[in-house]
Amino acid sequence: MQSTMVIQGRETSTSDIHVIKELVTAHPHWHRTRISRELCRLWNWRNTNGQLKDMACRTFLLKLERAGHIILPKRRREAANHSRGKSVVAVEHSTEAISCNLKSLAAIKISLVDPRSERHCLFNYFLSSYHYLGYKTPVGENMKYMILDRFGRPLSCVLFGSAAWKTAPRDEFIGWSHQLREKNVNNITNNTRFLILPWVKVPHLASHILGNVSQRISKDWMAKYGHTVSLLETFVDRSRFRGTCYKAANWILTGQTKGRTRNDRYNNIRTPIKDVYVYPLIRDFRKQLSQ
């Protein structure tokens, strides 16, 4: 029987690894990008718009190489995400206390953080310095928001990225089969980081931010990636938080994780149990996620 493992959200067998090795051996002059694109075509690895999932495949190949399963050609140039894993550059910023009621902030501003924008380094630094999980550059489709008050002062950072490959409470809530999940998981996004800056003390701000972001994220996703998202999800560490802001923003608690990682095939890797919350963005989200 073939052994399998989950890499980059894809179940990978020894036969798959053999295919990759044959591809590399047969084309010694191909660079890494060419290999990943050809592999996407071979496996028909595409997003919902039919585009090759090239970035996901490149990360998939890197993980296989780091685990010692394959050897890739040498890089022809430094990778665009060469800063991954390195220390985030410190950015000077104010930590003056912002303590007031929500009404005093007037209308908050939700600013998209583009990698070329001035706020990109600040966003990275805030999450790496003040979020208990730290921060690494996300892989795949993602959306970054910085929340500002009427004076332009940062209040919060919100990051959405790839949805969990599988989690029983969410999948049962949707009514997914394995095949439907595999086909439509890209139409869900995970709120992987939500940070209210430590010097900001404003009651009800967190739930207010979640409500405002949920009203625009699907349009932002369409503008950036050419498809919408139908459902938001997040995982709340029960040993640290009660999920109060998600409950106040009408997110739905679907259950708890089992305290395992998605790569734990032998039940020997234990992680904190987390509450699984979801937030439907459209009424017929189950229909949209089951087509």
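Look up a bit, the structure's there.
Presented here is a report on the structure given in the accompanying data block. (Residues numbered from 1 in each chain as written. Predicted model: local features only at pLDDT ≥ 70, side-chain atom pairs only at ≥ 80, totals over all residues. Heavy atoms only, no water.)

So, the overall build of the protein chain
Consideration 1: A count of helices and strands for the protein chain gives 9 helices and 11 strands.
Consideration 2: Its C-alpha atoms give the protein chain a radius of gyration of 20 Å, near enough to 19 Å, the size a compact globule of 291 residues would have.
Consideration 3: Dimensions of the protein chain, computed from C-alpha atoms along their principal axes, come out at roughly 65 × 45 × 40 Å.
Consideration 4: Within the protein chain, the proportion of its 291 residues that are buried is 44%.
Consideration 5: Taking the contacts inside the protein chain whose residues are at least 6 apart along the sequence as the reference set, 67% of them involve residues at least 24 apart.
Consideration 6: As presented, the protein chain carries roughly 16,500 Å² of accessible surface, and 50% of it is formed by carbon and sulfur atoms.
Consideration 7: Seen as two clouds, the 47 positive and the 22 negative side-chain charges of the protein chain have centres 1 Å apart. (Helix = DSSP H or I, 4+ residues; strand = E, 2+ residues; numbered from the N terminus. Rg over C-alpha atoms; globule rule 2.2 N^0.38 Å. Buried < 20%, exposed > 50% of the residue type's maximum accessible area, 1.4 Å probe, protein only. Contact = heavy atoms within 4.5 Å. Areas by Shrake-Rupley, 256 points an atom, 1.4 Å probe, with all protein chains shown as cover. Lys, Arg positive; Asp, Glu negative; His and termini not counted. Charge placed at Lys NZ, Arg CZ, Asp CG, Glu CD.)

Some words on the packing of helix H2 (residues 32-43) against helix H3 (residues 54-66)
Consideration 1: Two elements in contact, H2 and H3, have axes separated by 9 Å at closest approach and are oriented at 110°. When the axes of H2 and H3 are compared, the pair comes out roughly perpendicular. Of the residues in H3, those touching H2 at Arg 32, Thr 33, Ile 35, Ser 36, Arg 37, Leu 39, Cys 40 and Trp 43 are Asp 54, Cys 57, Arg 58, Phe 60, Leu 61, Leu 62 and Glu 65.
Consideration 2: Among the residues forming the contact of H2 with H3, the class breakdown is 8 nonpolar, 2 polar and 5 charged. (Axes fitted to C-alpha atoms, helices over the stretch in contact; angles between N-to-C directions. Parallel < 35°, antiparallel > 145°, perpendicular 65-115°, else oblique. Nonpolar A, V, L, I, M, F, W, Y, C, P; charged D, E, K, R; others polar.)

Some words on the pattern of salt bridges
Consideration 1: Counted under the stated rule, the structure contains 12 salt bridges.
Consideration 2: The closest approach of N and O atoms between Asp 54 and Arg 58, which form a salt bridge, is 2.5 Å. One end of the pair, Asp 54, and the other, Arg 58, are both in helix H3, 4 residues apart, so they sit about a helical turn from each other.
Consideration 3: A relative accessible area of 9% means that Asp 54 is categorised as buried.
Consideration 4: Notably, a salt bridge pairs Arg 181 with Asp 171, separated by 3.8 Å at the nearest N-O pair. With Arg 181 in helix H6 (residues 178-184) and Asp 171 in helix H5 (residues 168-174), this pair connects stretches of sequence that are 10 residues apart. (Salt bridge = Lys/Arg side-chain N within 4 Å of Asp/Glu carboxyl O.)

Re a positive patch on the surface
Consideration 1: A cluster of basic residues, Lys 63, Arg 66, Arg 75 and Lys 136, forms a positive patch at the surface.
Consideration 2: Looking at the secondary structure, you find Lys 136 in the loop between helix H4 (120-130) and strand E5 (143-148). (Patch = residues over 30% accessible without salt bridge, like charges linked within 9 Å, V, L, I, M, F, W, Y side chains within 5 Å.)

Some thoughts on helix H7 (residues 205-225)
Consideration 1: Helix length check: H7 (21 residues) gives 29 Å between terminal C-alpha atoms against 30 Å at 1.5 Å per residue, within 8%.
Consideration 2: At Arg 216, H7 shows its largest bend, some 40°.
Consideration 3: Among the residues making up H7, those that are buried are Leu 205, Ala 206, Ser 207, Ile 209, Leu 210, Val 213, Ser 214, Ile 217, Ser 218, Asp 220, Trp 221 and Tyr 225.
Consideration 4: A positive backbone phi angle near 80° is found at Gly 226, which sits one or two residues after H7. (Expected span 1.5 Å × (residues − 1). Bend = angle between axes of the 7 residues up to and from the residue.)

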